[in-house]
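A closer look at the structure
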Amino acid sequence: MTDIATLLSQDFHAIWHPYTRFSTLREHQLPVLCRGEGMHLYTPDGRAFVDAISSWWCCALGHSHPAIVRAIQSQAGQLQHSILGNLTHPQAIRLAHRLAHLLPTRDRHTLFASDGSSAIEQAVKIAVQYRHNTGETQRRKIACLTSAYHGDTLGSMSLGYVEAFHRPFRELLFSAVRLPFPQCPCRMTRDIAPGHSEPDPACTASCFAEAEAILEEVAEELTAVVVEPMVQGAAGMRMHGAGWLSSLATWCRNHDVLLILDEIATGFGRTGELFAFHHAAGVDPDILCLGKALTAGSLPLSATVVKDFIYRTFADLDEDHTLQHGHTFCGNPIAAAAANAALDVYLAPEFLTGVRELAGLLRTGLEPCREIPGVRDVRCLGLVGAVELEPHHGRPADSRAHQIRRHLQDQGILLRPIGDVLYLMPPLIIDQTTLDWLIREFIQAISTVAR
Ligand SMILES: *Cc1c(COP(=O)(O)O)cnc(C)c1O
């Protein structure tokens, strides 16, 4: 194999690293990773790193999970690719069937794509064309939460706003109705009860009142509301109470507005429930977007899972309402096989119980962070644990966070802060010993640098 220095020199000249500052590429040598197993990623010379953010939140079952590797190998020997336009194949059929059966209303159709942003784009186009199909052409608007993140394509960006990502593109984005992020004090104290949680009595209608007032103003013009349920990922792991989501779902139902849930980051056990919306009572998304952990991060695949009453309006009888949208690799057989194998693991009887136990350890483990000077907030849900630092005068907002990142990298831990927020989002199959160690090192690094 080419030696590391040559590789890195070729990297510097040929690769465009996403979300990576030019200056860091010049000043710091990037770890080159060539192998992953379980919790760990390895460099060619055998250095090991714990993957504390599940490689951008998707490798929920760690790396090289044997069942997933087997599924990929077996499918690769039979059929690597085929399209779903006027053709079909067993892996996609099985996956779509299983996904539909995970939801309260099972009568659903799945449109696959290759990444999360495209799953959102599809959901938006479906929500808009649905009103065209039904003749409700006054309903074109979409509501979303401020500081949401739904992807990096222009349509999905229009539904989010992360200042640094979006500023240059403002004029190209369509306008959406912005709802304030719920300031639920209740989410601080809430623990995950096993099984479907009761509605949180502390998260009452008052948490939803502000959003409701805005929604009422535009109710007649809305086709859909899209939110990341329970946890806003890229906004810095911001969390709200379950009651807020229940109230939103009820409002949507009562006003004939579609509820689109973006579970691309939260789906498949991350929050301690199979889907984050299970924390809230009475939620049944009209459209559910999945990605990331769908294949346990092994291959690119995403899904837009749509209720039948919407799908049926896309018929071509009388007038042609066919959805003219599809991505080349949608429902790729190898990726679908990987997703089917991942689902077998997620749906195994004790899987979520294990995640909840680990979640309890993470929550108690991060508690001491509240006492560290310079820490503003600590929030946990499932295996998402975030520590927000106080804004610091006179220094770039995220410089301390990056100092902590580099410190932890030297200890063999890979993570990536978001602005002032440091978070752990380890694979769901992490063992307790590694999790304990991870939390200890994390707190140590924060207390050394934060103050
Ligand atoms: C990552 C993410 C997306 C975008 O998915 P990509 O696969 O990166 O396009 C959308 N929504 C949420 C909540 C995400 O976390």
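To keep things clear, this report deals only with the structure shown in the data block. (Residues numbered from 1 in each chain as written. Predicted model: local features only at pLDDT ≥ 70, side-chain atom pairs only at ≥ 80, totals over all residues. Heavy atoms only, no water.)

**Comments concerning the sheet that holds strand β2 (residues 40–42)**
Here four strands make up an open sheet; going across it, the order is β1-β2-β3-β15 and the pairing mixed. What marks the edges here is a single partner per strand, and that holds for β1 (35–37) and β15 (413–414). As paired elements, β1 and β2 share three bridges and run antiparallel to each other. Within β2, the position partnered with G36 by the bridge is L41. (Pairing = 2+ DSSP bridges. Helix = DSSP H or I, 4+ residues; strand = E, 2+ residues; numbered from the N terminus.)

**Digging into a nonpolar patch on the surface**
A surface patch of nonpolar side chains, amounting to about 290 Å² of accessible area, comprises L154, F169 and L172. Note on placement: F169 falls in the loop between α8 (163–166) and β6 (177–179). F169 sits in the partly exposed class, given a relative accessible area of 34%. (Patch = residues over 30% accessible without salt bridge, like charges linked within 9 Å, V, L, I, M, F, W, Y side chains within 5 Å. Areas by Shrake-Rupley, 256 points an atom, 1.4 Å probe, with all protein chains shown as cover. Salt bridge = Lys/Arg side-chain N within 4 Å of Asp/Glu carboxyl O. Buried < 20%, exposed > 50% of the residue type's maximum accessible area, 1.4 Å probe, protein only.)

**Digging into the site of the ligand**
Taken together, W57, D115, G116, S117, Y149, H150, G151, E228, D262, I264, A265 and K292 make up all the residues around the ligand. Between S117 and the ligand, the recorded distance is 2.5 Å, taken from a side-chain N or O atom to an oxygen atom. Here the ligand, which alone exposes 380 Å², has 83% of that area covered by the protein. Residue classes in the shell around the ligand are distributed as four nonpolar, four polar and four charged. (Near = heavy atom within 4 Å. Polar contact = N/O pair within 3.5 Å; in protein donor to acceptor, adjacent residues only side chain to side chain. Nonpolar A, V, L, I, M, F, W, Y, C, P; charged D, E, K, R; others polar.)

**Observations concerning the packing of helix α13 (residues 351–366) against helix α15 (residues 432–450)**
Contact geometry of α13 with α15 gives a least axis separation of 10 Å together with a crossing angle of 20°. For the element pair α13 / α15, the angle class is roughly parallel. Where α13 crosses over α15, the two elements pack in a sense that is right-handed. Contact with α13, carried on its side by E357, L358, L361, L362, G365 and L366, involves Q432, L435, I439, F442 and I443 of α15 and no other residues of that element. Its residues assigned to classes, the contact of α13 with α15 comprises eight nonpolar, two polar and one charged. (Axes fitted to C-alpha atoms, helices over the stretch in contact; angles between N-to-C directions. Parallel < 35°, antiparallel > 145°, perpendicular 65-115°, else oblique. Left-handed = near helix turned anticlockwise from the far one by under 90°. Contact = heavy atoms within 4.5 Å.)

**What to know about the sheet that holds β6**
Spatially, β4-β12-β11-β10-β7-β5-β6 is the arrangement adopted by the seven strands of the open sheet, whose pairing is mixed. Looking along the sheet, the strands with just one partner apiece sit at the ends: β4 (108–113) and β6. Strand-to-strand twist across the sheet, computed as the mean angle between neighbouring axes with direction ignored, equals 20°. In this structure, strand β5 (residues 141–145) lies alongside strand β7 (residues 222–227), joined through four bridges in parallel fashion. Across the sheet, residue A143 finds its bridge partner in β7, namely V225. Contacting β4, β5, β7, β10 (258–262), β11 (287–290) and β12 (302–307), helix α6 (residues 116–134) runs over the sheet at an angle of about 25° to β12. Strand contacts of helix α10 (residues 242–254): β5, β7 and β10, with the helix running at about 165° to β7, the strand carrying the most contacts.

**Here's the deal with the packing of helix α4 (residues 66–76) against helix α12 (residues 333–346)**
Running from N to C, α4 and α12 cross one another at 150°; their axes reach a closest spacing of 8 Å. In this view, α4 runs roughly antiparallel relative to α12, as classed from their interaxial angle. Seen from above, α4 lies across α12 with right-handed handedness. Note on element contacts: α12 touches α4 through P333, I334, A337, A338, A341 and A342, opposite A67, I68, A71, I72, Q75 and A76. Of the residues in the contact of α4 with α12, the class split is eleven nonpolar, one polar and no charged.

**So, the environment of S54**
By the secondary structure assignment, S54 is in helix α3 (residues 54–57). For S54, a relative accessible area of 0% translates into the label buried. Along the sequence, S54 and T266 sit 212 residues apart, while their C-alpha atoms lie 12 Å from each other. Aside from chain neighbours lying at most four places away, what touches S54 is C59, R270, M425, P426 and P427.

**Points about the pairing of β7**
Put simply, side chains in a regular strand alternate between the two faces of the sheet. Counting buried positions along β7 gives six out of six residues, so the element sits mostly inside the fold. Alignment of β7 against β10, held across four bridges, turns out to be parallel. For A224, the partnering residue across the bridge sits in β10 and is L258.

**A word on the environment of S175**
With respect to the helices and strands, the residue S175 is situated in the loop between α8 and β6. Sequence separation between S175 and D410 is 235 residues; the distance between their C-alpha atoms is 44 Å.

**Topic: the pattern of salt bridges**
Summed over all chains, the structure comprises 17 salt bridges. A salt bridge links R94 to D344; the shortest N-O distance between them is 4.0 Å. With a gap of 250 residues between them, R94 in helix α5 (residues 90–100) and D344 in helix α12 connect regions that are remote in the sequence. Notably, a salt bridge pairs R131 with D256, separated by 3.4 Å at the nearest N-O pair. Linking R131 in helix α6 with D256 in the loop between α10 and β10, this pair joins segments that are 125 residues apart in sequence.

Geometry only, nothing functional implied.
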